[in-house]
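An overview of the molecular structure
Listed below, chain by chain, are the residues.
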Amino acid sequence: MNCGELRKSICLKMGRLFLSQDEKSHLDSCPGCTKYYEHLVSLEKTLTVAPAPSLTKMEFSKLQSKLDSRINKYHDKALNFYRLSFKYGATMAAILLLVFASFFGKYKFQDIKPADTDSLLATLTIAEDFSASGDEVIEEPYLDLVIDNYVDNYGFNTSEMLIGDLSDEELEYLKNKINAGDIL
Amino acid sequence: MPFLLVFSYYRLSKIQKAKRMELDDKELVTKAKSGDRKAFDELVRLNKDKMFALIYRMTGDREITLDLLQDTFFAAYKELGGFRGDSRFYSWLYRIASSKTLNYLKRKKILSFFSLSAGTPDEPSYNMPDNVGFSEINDRLIKAVDLLPPKQKLIFNLRFFDRLSFPDIAGILNKGESTVKTNYQKAIEKLQNQLKDFR
Ligand SMILES: [Zn+2]
C-alpha cells in the first residue's frame, strides 16, 4: 500500500474512521501519512461535536396537521374527479340522446316538455360547479425540465459538472430562458 | 469471559433490533399501501428526524426545512404505490428528500443570481457549541461545509452524518459509486484545507 492509496482509503472512511492492519503498519513507518491521519481524526471530532438537528414537538405537530390537510385535499380532489366524470358522463349521455332523438325522430324532439329541458340544464350547471371546485396543487417541474433539456442539448459529460454546482454556462442558459419567459 | 458474553449479547440484540425495524418498516409500508393512514403516519413518525436533519443541514433554515419535509412525505404518500420495496423505505425517502432539497437549492441559487430574493444569509446549519479555542475552527468549518456545491454537500451529509454506505448513496442519487466516492473525497479535502492553518 503506497501513500496515495492509504490516504484515499482513510479519507473515504471519514465519519467512521478505523484502521485496517495494513493501514496501521503503513502509518507506523510513515510520518507524513500519520500527520494526515491525525488531521482527519481532528476534523471528524470537530464536525461531530454538535448534536443532530431534530424537530421540536410543536414543529412535528404542525407538520402532521399540514400533511393531514394536504392528504385530505388530495383525496377530495380525486373524489371530485370521479364525481365530475360521472356528471359529465351523464351530461354527455343526455346530449347524445338528444342528438340521436333530434336526428332520427324530429317529431319526437318537438314533444319534449320544457320541464325535461330544465332538468338537463340543471345537470349541466351542477357539472360546471364541480369543475370550479378542487384545490390546484402546483408542482414545479419546470426547472428540472430546463436543466435536463440543457444537459440533453449541450451534453455535459463529466460527473464533475453534474455533481457540482450550477456552472456559469448553466446560469447563462437559465437566465436566457427566464428572460424569454420560459420558466419561473 | 463474562465480558465476552455481555458483548456478544449486546451485538446480537443490536442485530435483532435492526432486523425488527426492517420488518416493521415492511409491514407498515404494506399496510400504508392498502390505504391504512395510521400506518403511514407511523412511517412519518419513524423517519421524520432523519429526513429533517438531512434537509436542515442542506438548507440551514427551519421553516424551509419543514416545508420541504412536508413535500417529501406528501410525495411519498402519493407515490407509495410505485415503491416496490427493492430498497429500504428510508432509502427511498432519502431519495425524495434529496431531490426536493436539491431543487430548492437550484431555485434559490437562480433567484439569488437575479437578486430577486433578499440577501439575508441563512443561519448556519452546523451549529456547534462555543468551546474555547474551538470556535474559530468551527466557524471556518461551518462556512466550508455550507460552501460545498449542493450535490457534494448532499453526498457528504448522507455519508458522514447519516452513515449511509456508498452503494446506498449511489442508488439514492442515481450515480455511479466511484463518482460518489470521488465527490466525498473532494468534500473531505476541502474541509481539511480549512483546518490546515490550525495545525
Ligand atoms: Zn505514507
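Only a predicted model underlies this, so the values are computations on that prediction, with no experimental measurement involved. (Residues numbered from 1 in each chain as written. Chains lettered and ligands numbered in written order. Predicted model: local features only at pLDDT ≥ 70, side-chain atom pairs only at ≥ 80, totals over all residues. Heavy atoms only, no water.)

Thoughts on a nonpolar patch on the surface
A surface patch of nonpolar side chains, amounting to about 270 Å² of accessible area, comprises A:Met92, A:Ile95 and A:Val99. Mapping A:Ile95 onto the fold places it in helix H4 (residues 57–104). (Patch = residues over 30% accessible without salt bridge, like charges linked within 9 Å, V, L, I, M, F, W, Y side chains within 5 Å. Areas by Shrake-Rupley, 256 points an atom, 1.4 Å probe, with all protein chains shown as cover. Salt bridge = Lys/Arg side-chain N within 4 Å of Asp/Glu carboxyl O. Helix = DSSP H or I, 4+ residues; strand = E, 2+ residues; numbered from the N terminus.)

Here's the deal with the environment of B:Arg62
By the element assignment, B:Arg62 lies in helix H3 (residues 62–79). Taking C-alpha positions, B:Arg62 is 8.9 Å from B:Phe52, a pair spaced 10 residues apart along the chain. Ignoring anything within four residues of it in the chain, the contact list for B:Arg62 reads A:Ser54, A:Leu55, A:Thr56, A:Glu59, B:Phe52 and B:Tyr56. Reaching out from B:Arg62, the side chain makes a polar contact with the side chain of A:Glu59 at a distance of 2.8 Å. (Contact = heavy atoms within 4.5 Å. Polar contact = N/O pair within 3.5 Å; in protein donor to acceptor, adjacent residues only side chain to side chain.)

Quick word on the packing of helix H7 (residues 166–173) of chain B against helix H8 (residues 177–195) of chain B
Residue and element names in this part refer to chain B. In contact at an axis separation of 8 Å, H7 and H8 are set at 105° when each is read in the N-to-C sense. Judged on the interaxial angle alone, H8 and H7 are roughly perpendicular. The residues of H8 that touch H7, namely those facing Phe166, Pro167, Ile169 and Ala170, are Glu177, Val180, Lys181 and Tyr184. Taken together, the residues of the contact of H7 with H8 break down into six nonpolar, no polar and two charged. (Axes fitted to C-alpha atoms, helices over the stretch in contact; angles between N-to-C directions. Parallel < 35°, antiparallel > 145°, perpendicular 65-115°, else oblique. Nonpolar A, V, L, I, M, F, W, Y, C, P; charged D, E, K, R; others polar.)

Focus: the pattern of salt bridges
Side chains carrying opposite charge are able to pair once their charged atoms draw close together. Residue and element names in this part refer to chain B. Tallying each qualifying case throughout the model produces 11 salt bridges over all chains. Between Arg45 and Glu42 there is a salt bridge, with its nearest N and O atoms 2.7 Å apart. With Arg45 and Glu42 both in helix H2 (residues 37–59) and three residues apart, the pair spans about one turn of that helix. Residue Glu42 is classed as partly exposed on the basis of its relative accessible area, which comes to 27%. (Buried < 20%, exposed > 50% of the residue type's maximum accessible area, 1.4 Å probe, protein only.)

Quick look at the coordination of the zinc ion
Residue and element names in this part refer to chain A. The protein atoms that coordinate the zinc ion are Cys3 (SG), His26 (NE2), Cys30 (SG) and Cys33 (SG), at distances spanning 2.1 to 2.4 Å. All donors of the zinc ion come from a single chain, and their spacing in sequence reads C-x22-H-x3-C-x2-C. As far as burial versus exposure is concerned, Cys30 and Cys33 are alike and both buried. (Donors = N, O, S within 2.8 Å, 3.2 Å for Na, K, Ca; no water.)

Remarks on the environment of B:Thr59
Position of B:Thr59 relative to the elements: it lies in helix H2. Given the relative accessible area of 5%, B:Thr59 is considered buried.

The values are spatial; any link to function lies outside them.
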